[in-house]
Amino acid sequence: MKFRIMPIALTVVISGSLLFGGWFVYKQVKVQNPLQNIVTEYEGVNTAQLNITRDEVVVKLDIEPGTRLPGLVQQLKTEGKSIVGKRTLKLDVKEHTTTNINKFWDKAMFPVAEAMENKRYTQIVDKLKEMEQGSTVKVLTEMDDQNVYISLTDGKGSKFIILPRVPGVLGVWNNA
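All of the points below concern the structure found in this document. (Residues numbered from 1 in each chain as written. Predicted model: local features only at pLDDT ≥ 70, side-chain atom pairs only at ≥ 80, totals over all residues. Heavy atoms only, no water.)

Where burial is concerned, most of strand β5 (residues 147-154) is hidden: eight out of the eight residues are buried. Burial along β5 is two-sided: Asn147, Tyr149, Ser151 and Thr153 facing one way and Val148, Ile150, Leu152 and Asp154 facing the other are all buried. With six bridges joining them, strand β4 (residues 138-143) and β5 adopt antiparallel strand pairing. Looking at β5, one finds that glutamate 142 is bridged to tyrosine 149. Turn length for the β4-β5 hairpin, with the two strands adjacent in sequence and antiparallel, is three residues. One ladder, built from eight bridges, connects β5 with strand β6 (residues 157-164); its direction is antiparallel. Within β6, the position partnered with threonine 153 by the bridge is serine 158. Hairpin connection, β5 to β6: the antiparallel pair is bridged by two residues, and glycine 155 has positive phi, about 70°. (Buried < 20%, exposed > 50% of the residue type's maximum accessible area, 1.4 Å probe, protein only. Helix = DSSP H or I, 4+ residues; strand = E, 2+ residues; numbered from the N terminus. Pairing = 2+ DSSP bridges.)

The values are spatial; any link to function lies outside them.
Next comes the structure, spelled out in structure tokens:
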């Protein structure tokens, strides 16, 4: 029996392209696009890029100052529940920071870290409001069941800090 190489190779190429092409179309149409629409329709979101893996959903955001991140997270978890499922949701917010905001955060980082370590979250609000009195930086603090969200704005500049309420074993916050 003699095998003909050309029909076998052609069959493998066509089968592979249908299999992987179908998977790509499914991932785009049924997974990525609906979640992308949920994120981009949220008020204050300029652009969003999603990276969905088996274990996590990473959302890279470019948002306007004053955008409520806990509301976006809640919307993703409720409307995108079938897609997010048990995956970990991670937000990566693009910074539009200024030197004034950076100086403010440098001064606030130690008291915030201390309050996070002691799980006294009201101290974060109190300390940041106290520091806000003598500064042009406006502060908004919010919290949900997993994170503490700190929004610092100064004119057109902004910085969004997401602090997990269950800290890692070692190190500093990777998103501070």
